[in-house]
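Take a look at the letters that make up each chain.
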Amino acid sequence: MKKYHQASWNEPLLIEMSKSGRQAFSLPELKPEVLSAINEDRPENLIPEKMRRKTDLLLPEVSEPEIVRHYVRLSQMNFGIDLGMYPLGSCTMKYNPKVSERIAKNPKFSGLHPYQDEQTVQGILEILYELQSLLCEITGMSAFSLSPAAGAQGEFVGALIIRNFLNDCGYSSKKDEMLVPDSAHGTNPASAAMAGFKVVKIPSSEGGIVTAEAVKKVVSERTAGMMLTVPNTLGIFEREIGEVSCIVHDAGGLMYYDGANMNALLGRVKPGEMGFDIVHLNVHKTFATPHGGGGPGAGPVGVVDKLSEYLPVPVIVRKGGEGYGFDYNRPRSIGRIKSFYGNVGVLLRAYCYILSLGKDGLKTVSEQAVLASNYLLSKLDRRYYSLRYSIDQSRKHEFVVSASPLKRKTGVSAGDISKAILDSGNHSPTVYFPLIVDEALMIEPTETEPVEFLDQYATILNELAETANQSPESILKAPERTSISRLDEYRASHPGSLVLNWRYLLDGAKKKKDDDNKGKRNGSSNSRKHS
Amino acid sequence: MTIHRFVPNSAEKIKDNMLKSLGLTSVEDLFEDIPSSLRIKGGLKIPDAISEIELERKVESKLEKNFSPPEYLNFLGGGAWLHYTPSIVTEIISRNEFYTSYTPYQPEISQGMLQSLFEYQSQICELTGMEVANSSMYDWGTALGEAGRMAFRVTRKRKIVVSRGASPERIAILRTYCYPASIDVKEVDFDPKIGNTDYGSVHSVVDHDSAALYIENPNFLGIIEESVDELSQLCHERNALLIVGVNPSTLGLMRPPGEYGADIVVGDGQPLGLPLNYGGPLIGIFATKKDPVLLRQMPGRLIGQTVSKDNSKQGYTMVLQTREQHIRREQATSNICTNEALLALAVSVYLSSMGPEGMKKLGSLCLANSHYAQKLLSERGMECPYFSGSFFCDLTVKTRLNSQMLPAKLARHKILGGIPLGRFYPDLSNVSLFSFSEVHTPEDVQTLVDALSQIDERE
Ligand SMILES: Cc1ncc(COP(=O)(O)O)c(C=O)c1O
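Because the structure is predicted, anything quoted here is derived from the model rather than measured. (Residues numbered from 1 in each chain as written. Chains lettered and ligands numbered in written order. Predicted model: local features only at pLDDT ≥ 70, side-chain atom pairs only at ≥ 80, totals over all residues. Heavy atoms only, no water.)

Undergrad: Looking at this structure, how should I read the packing of aromatic side chains?
TA: Here the distance between the centres and the angle between the planes together describe a pair of aromatic rings. Overall, the coordinates contain 22 aromatic pairs over all chains when judged by the stated rule. Centre to centre, the rings of F287 of chain A and Y353 of chain A are 6.3 Å apart; their planes meet at 55 degrees, and the pair counts as tilted. Of this pair, F287 of chain A sits in the loop between α11 (283-286) and β7 (301-303) while Y353 of chain A is found in helix α12 (residues 344-379), placing the two residues 66 residues apart along the sequence. Its relative accessible area of 0% is what places F287 of chain A among the buried residues. Feature note: the residues Y115, F326, Y328, F340 and Y341 of chain A together with F220, Y278 and F424 of chain B constitute an aromatic cluster, connected by ring pairs. Cation over ring: K175 of chain A sits above Y171 of chain A, and NZ or CZ is 4.9 Å from the ring centre. If you follow R170 of chain B out to its NZ or CZ, it ends over the ring of W140 of chain B, 3.4 Å from the centre. (Phe/Tyr/Trp six-rings, centres within 6.5 Å; stacked < 30°, edge-to-face > 60°. Helix = DSSP H or I, 4+ residues; strand = E, 2+ residues; numbered from the N terminus. Buried < 20%, exposed > 50% of the residue type's maximum accessible area, 1.4 Å probe, protein only. Lys NZ or Arg CZ within 6 Å of the ring centre and 35° of its normal.)

Undergrad: Whenever I open this one, the environment of A298 of chain A confuses me. Can you help?
TA: All names here are of chain A. Mapped onto the fold, A298 is located in the loop between α11 and β7. Residue A298 is classed as buried on the basis of its relative accessible area, which comes to 0%. When the C-alpha atoms of A298 and P148 are compared, they prove to be 6.1 Å apart, with 150 residues separating the residues in sequence. Here A298 is in contact with P148, A149, A150, L281, N282, V283, H284, N343, V346 and L347, once residues within four sequence places are set aside. (Contact = heavy atoms within 4.5 Å.)

Undergrad: Please explain the sheet that holds strand β13 (residues 419-420) of chain B as it appears in this structure.
TA: Residues and elements named next belong to chain B. Ordered by their spatial adjacency, three strands build an open sheet running β11-β14-β13, and the pairing between neighbours is antiparallel. Single-partner strands in this sheet number two, and they are β11 (394-398) and β13. As judged from the two bridges shared by β13 and strand β14 (residues 431-435), these two strands associate in the antiparallel manner. Bridged to P420 within β14 is S432. (Pairing = 2+ DSSP bridges.)

Undergrad: Mind showing me how you'd approach the interface of chain B and chain A here?
TA: Chain B puts 190 residues into the contact, and the matching count from chain A is 211 residues. When chain B packs against chain A, close to 17,500 Å² is buried across both sides, 63% of that on carbon and sulfur atoms. The interface formed by chain B and chain A contains 14 salt bridges. Residue E29 of chain A pairs with K361 of chain B through a salt bridge whose shortest N-O separation is 2.9 Å. (Buried area = accessible area lost by both parts, 1.4 Å probe. Salt bridge = Lys/Arg side-chain N within 4 Å of Asp/Glu carboxyl O.)

Undergrad: Got a minute to help me understand the pairing of strand β11 (residues 399-402) of chain A in this structure?
TA: As a general feature of sheets, a regular strand has side chains that alternate between the two faces. Residue and element names in this part refer to chain A. A two-sided burial pattern is seen for β11, the buried positions comprising F399 and V401 on one face and V400 and S402 on the other. Where β11 lies against strand β13 (residues 440-443), four bridges are found, and the strand directions are antiparallel. By the bridge assignment for β13, S402 is matched with A440.

Undergrad: Help me understand the site of the ligand, please; the structure alone is not making it clear to me.
TA: Around the ligand sit 15 residues, and of these S90, A152, D258 and K285 of chain A together with T338 of chain B come closest. At the ligand, the nearby residues belong to more than one chain, namely chains A and B. Here S90 of chain A contributes a side-chain N or O atom positioned 2.4 Å from an oxygen atom of the ligand. Within the backbone of A152 of chain A, an N or O atom sits 2.7 Å from an oxygen atom of the ligand. A total of 380 Å² of accessible area belongs to the ligand in isolation, and the protein chains cover 99% of it. Counting only elements with at least two residues in the shell around the ligand, the list comes to α7 (151-168) and α11 of chain A. (Near = heavy atom within 4 Å. Polar contact = N/O pair within 3.5 Å; in protein donor to acceptor, adjacent residues only side chain to side chain. Areas by Shrake-Rupley, 256 points an atom, 1.4 Å probe, with all protein chains shown as cover.)

Undergrad: Looking at this structure, I do not really get helix α15 (residues 451-470) of chain A. What am I missing?
TA: With 20 residues, α15 of chain A should cover 28 Å at 1.5 Å per step; its first-to-last C-alpha distance of 29 Å lies within 8% of that length. Regarding α15 of chain A, the residues found buried are V451, L454, Y457, A458, I460, L461, N462, L464, A465 and A468 of chain A. Buried residues along α15 of chain A sit against α12, α13 (404-410), α14 (414-422), β13 and α16 (472-477) of chain A together with α1 (12-21) of chain B. (Expected span 1.5 Å × (residues − 1).)

Undergrad: How should the packing of helix α6 (residues 122-139) of chain A against helix α2 (residues 52-63) of chain B be read in this particular structure?
TA: Any two packed helices are characterised by how steeply their axes cross, that is the angle between the axes, and by the distance between the axes. Between α6 of chain A and α2 of chain B, the shortest axis-to-axis distance is 7 Å and the interhelical angle comes to 125 degrees. In terms of their interaxial angle, α6 of chain A and α2 of chain B are classed as oblique. Side by side, α6 of chain A and α2 of chain B meet where G123, I124, E126, I127 and E130 of chain A of the first sit next to V59, K62 and L63 of chain B of the second. A per-class count over the contact of α6 of chain A with α2 of chain B returns four nonpolar, one polar and three charged. (Axes fitted to C-alpha atoms, helices over the stretch in contact; angles between N-to-C directions. Parallel < 35°, antiparallel > 145°, perpendicular 65-115°, else oblique. Nonpolar A, V, L, I, M, F, W, Y, C, P; charged D, E, K, R; others polar.)

Such coordinate-based values are descriptive only and should not be taken to indicate function.
Here it is in structure tokens:
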């Protein structure tokens, strides 16, 4: 195992370093000619008296070098794909091309205001329009909206499109059930519920897929649609998708494609060909934009022709001789779902990525993502990490193994393994998801991982299993090479010890001080009594 | 298949060895379970790969067609405002350890982002006067949408009253979030002269069936709402929540909504030094009170401080996750998963560098510039401000020309602005909204004033 040690700085909060009078801002002075023109030396007096801030604003008073050092230290206590392998299943942590970062910092983009006149932003509109067309071609849809901010918002939009389309078809509330497999990501049922649907769970088959038979059992005249990701969260291609789509369509429902796993199918299969009517893409995953510690992402939604009127407003269109512009006049639209036009900074990076790879490159991506995942799977010791569902079948871009044999033998769980992996200078897989595999380790290496890293990761997992066999205590202690050891999660969320910001600490400290003082006072009055 | 620079194992020999180790001869064997009827025939109809040099040329030649600062002066606001991005903000968020990480599911190796988000949450509480802030929503509009749904869950009432002085786009997003839950959104007019929310008309609409009242302060028309204490009292008498939307760059000088009884505060962190990026990504602020009922119904991710299990060290982790979709699924308080964490980090760096004094000075510069413009424009005989209420950084101007015609004419003077309010309010077809900030010099303001009065005189 490579020697790794994460920095551990015991870095205080900036507010704890604060020294009155220090500052890191540099703003122009108020100009005398301006002040005399407005006839006011203190511009805050222009705010009505009762609306002025009277309490001090508690923010750190620190200098620029202190801030830089603080955050660089914090960054050293963080882990990204640029440091090591990050095979977080379902999250597609792949390398993010640096050229896209440079382009996105171009002031001809970053300086654009969303309310600029259309004629002054033809360049970016052209790019976004082209991106819509590229996404249509990649997914087999006929129209795209770039508005949704992330996959989950795309799902909400899709569910609303289903709802409104069915209403217009005269079904109204009769169709109120959304079918969602038990292996689905949590956002699917959450989004369906937000759009007003009852969620009907479809059990996965022995083979780990949604079968036509299972769908027939739950489908009814109340079925509004079905949300499905292909390949599914087990990394298995939904073989019966053609038939499943037909069943749902025959019941008058629509098919929604959760595109979180589209990276396995790029250039090979279009969701439209599988019978899907609505698609979201997790641009930050499939098209390699940085995940930023949790976001931003982008979740554009594509639809088949009959649903295009329902897309959120505004839609980017080509206005003949006038170039590109927005269409707001769409009476059947589900409405607006995002300020302005979506996470354009993320979309621009995706556009750069698609152009970089081109037609064959995108197919290479799916090929290599799938190859990497099967290769890594083949290297794992199955005595400890067992495969469930369709054991003999290849996986797609990710796979899920169960650490339950390991746990049975050694008492070491998937969660423990995930902590021990961190000590190797790699990130752990997704754990305990999907819910249908116990002790799940969900591994998605992605196509950007060199084979040497895949080999190394397999060795780490296998060696950890051996270690668990011989000295499980050492794994239960892990991680020891990260900036902190395991955290007290129970205390973290317990109402009695919850600390959600520095006020809790300051108030807590103040209370403690008050209590101490009270104690002291009581003590002194007592002693006076005695004397 | 092609070899690609981001794909290390696409080199033929390596690929072949990997296949051999799997006992396969072709990668296609790994896709044999995909029915041939579903496969793309003849490949995607998209262009072939291009090199980095070609890509840069191609994209930048398109971006070249955009009009942007420094060549153009920008006086646009209305939900995204031009402010200066301190160089340390860009520098810090570009650290690979931050920007190529994801949601801190493994807290032990993610303390940097977790602590930064904890500091962000703390700073948002200080600015807004609230007790709990989450670690981000997508943007102000969706934060409002979520707030509307939360108000329903907390009060079980299905009517949300909004002031028409709030941003029309955000009200539209609120509607989209609310109609699937059968929550009614009722708009109340602003005062046509003052531009503020009219207490009298709100009084008759916020009733015992109302879940919440939403106001923005300053509102979309730039006007500072003053009847906040009365509105707050009204809401609380009727068991409705008060939701307040803020531009946080005003809060160094303005009274924080927590001090006038707001139950939920929403807003956008963008004016805190984030680039405009054509309107996205932005970062939704969401803050509430330390009330167990509100906390339980809150959407989004929360970071908390705790200690290591061996009690030797302080650390940070995600907390109260049982509200979230990955655990609660269809019962979750929101479907949000990917959020805007990197921008929360950026906001936190910004607020740390501004400190209390910087935030005051920022506000003073915005106020001074907007009032300077108002003075000069009214001296040139223009109806400015159009609304008589106090304003902060956004200024309404009435022109003889239809305001939808104005941006194209101003562009000829190398000026971007203003927002034609007629787009949103048909009665205001000749009124535009201009915004001012610390980036504008007195000369910039004069340039705008000269251009505007020249255009107006010609009418
Ligand atoms: C399968 C699946 N669906 C949906 C989502 C939600 O996407 P996002 O996080 O972009 O909202 C994710 C990712 O988190 C996912 O893995």
